[in-house]
Amino acid sequence: MPAAKQRPATAGGANPGRAPGKGHEGPATAPPAAAPRVGFVSLGCPKALVDSERILTQLRAEGYAISPDYAGSDMVIVNTCGFIGAAVEESLEAIGEALAENGKVIVTGCLGAKGTVVRDNFPNLLAVTGPHATDEVMKAVHDYMPRPHDPFTDLVPPQGIRLTPRHYAYLKISEGCNHRCTFCIIPSMRGDLVSRPVGDVLQEAEHLVRAGVKELLVISQDTSAYGVDVKYRTGFWGGRPVRTRMTELVEAMSSLGAWVRLHYVYPYPHVDEVIPLMAEGKVLPYLDVPFQHASPRILKLMKRPASAENNLARIRAWREACPGLTIRSTFIAGFPGETEREFEQLLEFLEEAQLDRVGCFAYSPVEGAAANALPDPVPDGVREERQARFMEVQAKISAARLARKVGSTVRVLVDAAEGTRATGRTSADAPEIDGVVHVGRARGAKPGDFIDVKVTRADDHDLHGNRVGD
């Protein structure tokens with residue numbers, strides 16, 4: 001079974017030639033004999049992956065074993081994605097496969113929150129829940145497969161069960177979103193913003209680092225809105241006060257000694273406050289900011305803030321304050337009503353902004369999205385053609401920015417190693433969605449090691465070089 005498979009994070013991103021989203025293998029574990037065994041399939045974004053990790057942690061805490069295949073499972077849980085059409089199809093296929101191979105299936109995740117679509121297709125499921133529903137999933141598990149009675153299996157490590165490699169982990173700081181972007185249905189599935197207590201987030205980060213995590217990837221639906229719902233109230237961590245706010249959170253997190261990478265950062269004014277932390281080396285100089293478009297009219301139709309001019313000014317100021325800053329973004333081509341001139345504005349923005357990593361979606365009419373009702377939809381062929389033109393422009397920009405690194409020495413976090421070769425990432429590369437560094441002369445390097453690499457060449461997406469020093 002595709003245990004804990006993950007859907008790619010971007011479509012036509014800065015690395016379209018790489019295999020999409022490597023699967024996250026569910027951790028096969030071996031509690032005492034006769035413990036009920038649960039198979040697990042995890043689809044979707046890193047936020048869904050964290051939901052999967054929480055369910056797996058609770059399963060292990062209660063003594064259930066995790067099976068790596070259908071045949072060895074007494075039950076299968078499928079965590080679904082329901083954002084765009086392709087993700088819905090993938091989720092429905094996974095559910096169908098689990099039913100065919102096993103027969104006892106619980107479905108959770110975003111697709112479960114989309115009305116009756118799951119039940120309509122698969123009436124024989126044991127249960128269906130929405131996203132971030134650990135308690136509901138566990139209740140369904142208990143109903144059909146009672147909790148085993150073995151006190152030794154309650155011993156679960158403080159960092160919980162993880163689906164990522166040991167040296168990096170996603171850290172979700174909030175659920176939901178207060179925005180109502182017209183192309184998005186996430187708030188209807190995950191609700192409004194609910195920030196986790198700052199002390200809980202920092203305690204989890206501390207447990208992860210103690211367990212060997214070298215990189216913390218901070219995620220949410222809107223990372224820069226963290227704390228808005230609780231009016232940035234003060235919490236406590238290690239006996240000291242910390243405000244429930246992005247800047248204070250990541251500054252505290254930086255004291256743990258791990259890389260801290262920020263994803264899904266909405267371009268609010270206070271984002272400027274984290275740039276000095278990046279310049280000081282406290283937080284990775286990397287911003288994942290979904291600008292989405294450059295035309296003021298299209299941004300207004302999307303219900304997105306700011307304007308291309310404001311965003312360009314922000315980018316210039318960020319790079320002046322932190323010259324080594326890497327900026328990743330995502331855009332939509334062919335949004336309803338987009339004219340050829342407005343698309344050209346988007347291309348002009350790319351040329352001016354010189355972003356490092358970019359993903360582009362051809363607009364997809366997601367069921368339930370307000371944008372579907374907008375006039376003048378762009379024909380399918382035009383949407384796809386614009387996406388291809390967009391990526392052609394960005395590919396040249398990304399390649400040129402990578403070429404500047406040839407001859408430099410970069411710090412690399414090793415993801416994989418065999419013999420004298422290793423693969424890793426710099427501060428400019430998030431796992432699975434950005435490029436990698438192919439390293440020679442790396443004998444003895446292990447996943448999770450930091451090594452220095454002299455860059456000898458660059459291609460369209462990746463760097464190549466040799467390890468330097470010991």
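Residues numbered from 1 in each chain as written. Predicted model: local features only at pLDDT ≥ 70, side-chain atom pairs only at ≥ 80, totals over all residues. Heavy atoms only, no water.

1. Looking at the overall build of the protein chain
So, point 1. A tally of regular secondary structure across the protein chain gives 12 helices and 20 strands.
So, point 2. The long-range fraction of contacts in the protein chain, counting pairs at least 24 apart against all pairs at least 6 apart in sequence, stands at 73%.
So, point 3. Roughly 19,200 Å² of accessible area belongs to the protein chain as shown, and the carbon and sulfur atoms make up 53% of that amount. (Helix = DSSP H or I, 4+ residues; strand = E, 2+ residues; numbered from the N terminus. Contact = heavy atoms within 4.5 Å. Areas by Shrake-Rupley, 256 points an atom, 1.4 Å probe, with all protein chains shown as cover.)

2. Description of the packing of aromatic side chains
So, point 1. Evaluated as defined, the whole model comprises eight aromatic pairs.
So, point 2. These aromatic residues form a ring-pair network of at least three members: F291, F331, F349 and F390.
So, point 3. When the ring centre of Y264 is taken as origin, the NZ or CZ atom of K47, which lies over that ring, is 3.8 Å away.
So, point 4. The ring of Y232 carries R245 above its face, with NZ or CZ at 5.7 Å from the centroid. (Phe/Tyr/Trp six-rings, centres within 6.5 Å; stacked < 30°, edge-to-face > 60°. Lys NZ or Arg CZ within 6 Å of the ring centre and 35° of its normal.)

3. Some points on the pattern of salt bridges
So, point 1. In this structure the tally under the stated criterion is 35 salt bridges.
So, point 2. Taking the shortest distance from any N to any O, the salt bridge between E273 and R245 comes out at 2.8 Å. Highlighted residues: E273 in the loop between β12 (259-262) and α8 (274-279) and R245 in the loop between β11 (240-243) and α7 (246-254), separated in sequence by 28 residues.
So, point 3. Among the ionic contacts, a cluster of salt bridges with common partners joins D51, R54, K172, E175 and R190. (Salt bridge = Lys/Arg side-chain N within 4 Å of Asp/Glu carboxyl O.)

4. Looking at the environment of I298
So, point 1. With respect to the element layout, I298 can be found in helix α9 (residues 296-302).
So, point 2. Sequence separation of I298 and E342 is 44 residues, and the distance between their C-alpha atoms is 7.9 Å.
So, point 3. Each residue touching I298, except ones within four places of it in the same chain, is listed here: H293, F335, P336, G337, E338 and E342.

5. What to know about the nonpolar core
It is characteristic of soluble globular proteins that their nonpolar side chains tend to be buried jointly.
So, point 1. Core analysis: the biggest nonpolar cluster contains 67 residues, and M253, W318 and F390 have the highest contact counts within it.
So, point 2. Here this core takes six residues from helix α11 (residues 340-353), the largest share from any one element.
So, point 3. Setting aside residues up to four positions removed in sequence, F390 forms contacts with F331, F343, L346, L347, L350, V358 and C360.
So, point 4. Grouped together as the second largest cluster of nonpolar side chains are 25 residues, V38, Y64, I106 and A127 included. (Core = buried A, V, L, I, M, F, W, Y, C linked by side-chain atoms within 4.5 Å. Buried < 20%, exposed > 50% of the residue type's maximum accessible area, 1.4 Å probe, protein only.)

6. Things to note about unusual backbone geometry
So, point 1. In the Ramachandran plot, Q292 falls in the positive-phi region, its phi being about 75° despite a non-glycine side chain.
So, point 2. Positioned with a positive phi, D376 is a non-glycine residue whose angle comes to about 55°.
So, point 3. You can see D376 is positioned in the loop between β15 (357-362) and α12 (380-403).
So, point 4. When its relative accessible area of 59% is taken as the criterion, D376 is described as exposed.

7. Some thoughts on a negative patch on the surface
So, point 1. Together, E89, E93, E97 and E101 line one region of the surface with negative charge.
So, point 2. You can see E89 is positioned in helix α2 (residues 85-101). (Patch = residues over 30% accessible without salt bridge, like charges linked within 9 Å, V, L, I, M, F, W, Y side chains within 5 Å. Lys, Arg positive; Asp, Glu negative; His and termini not counted. Charge placed at Lys NZ, Arg CZ, Asp CG, Glu CD.)

8. Topic: the sheet that holds strand β16 (residues 409-418)
Hydrogen bonds between backbone atoms are what pair the strands of a sheet, whose relative direction is either parallel or antiparallel.
So, point 1. The strand order around the closed barrel formed by five strands is β16-β17-β18-β20-β19, and the pairing between neighbours is mixed. Direction aside, the axes of adjacent strands within the sheet are offset by 50° on average.
So, point 2. In the sheet, β16 pairs with strand β19 (residues 450-458) via five bridges, with the strands oriented antiparallel. Following the sheet pairing, V410 is matched in β19 by V453. (Pairing = 2+ DSSP bridges. Axes fitted to C-alpha atoms, helices over the stretch in contact; angles between N-to-C directions.)

9. Quick notes on α7
So, point 1. Counting buried positions along α7 yields seven of nine residues, so the element is predominantly enclosed.
So, point 2. For α7, the complete set of buried residues consists of M246, T247, L249, V250, A252, M253 and S254.

10. What about the packing of helix α1 (residues 46-61) against helix α4 (residues 134-144)?
So, point 1. At a minimum axis distance of 10 Å, the contact between α1 and α4 shows a crossing angle of 45°. In this view, α1 runs oblique relative to α4, as classed from their interaxial angle. In this structure, α1 crosses over α4, and the sense of that crossing is right-handed. Within the contact between the two elements, α1 uses R54, I55, Q58 and L59 and α4 uses T134, V137, M138 and V141.
So, point 2. Counted by class, the contact of α1 with α4 contains five nonpolar, two polar and one charged residues. (Parallel < 35°, antiparallel > 145°, perpendicular 65-115°, else oblique. Left-handed = near helix turned anticlockwise from the far one by under 90°. Nonpolar A, V, L, I, M, F, W, Y, C, P; charged D, E, K, R; others polar.)

11. Focus on the pairing of strand β3 (residues 75-80)
Residues in a regular strand project their side chains so that they alternate between the two faces of the sheet.
So, point 1. Within β3, six of the six residues are buried, which leaves the element mostly enclosed by the surrounding structure.
So, point 2. Burial along β3 is two-sided: M75, I77 and N79 and V76, V78 and T80, pointing in opposite directions, are all buried.
So, point 3. With five bridges joining them, β3 and strand β4 (residues 105-109) adopt parallel strand pairing. What sits directly across from V78, in β4, is V107.

12. Quick look at the confidence of the model for the protein chain
So, point 1. Here the protein chain averages 88 in pLDDT, and 89% of its residues register 70 or above.
So, point 2. In the model, residues 2-26 has pLDDT below 50 throughout and makes 79 contacts with residues more than four positions away in sequence or in other chains.
So, point 3. Note on residues 28-33: pLDDT is under 50 here. Beyond four places in sequence and across chains, it has 13 contacts. (pLDDT = per-residue confidence, 0-100.)

13. Section: the sheet that holds β3
So, point 1. Taken in spatial order, the five strands make up an open sheet running β2-β1-β3-β4-β5, and their pairing is parallel. The sheet is open, and its two edges are formed by β2 (65-67) and β5 (127-128), each paired on a single side.
So, point 2. Pairing analysis gives two bridges linking β4 to β5, with the strands arranged parallel. Note that in β5 the partner of I106 across the bridge is A127.
So, point 3. Set on the sheet, α1 makes contact with β1 (37-42), β2, β3 and β4; between it and β1 the angle comes to about 175°.
So, point 4. Strands β1, β3 and β4 of the sheet are contacted by α2, whose axis makes an angle of about 180° with β3.

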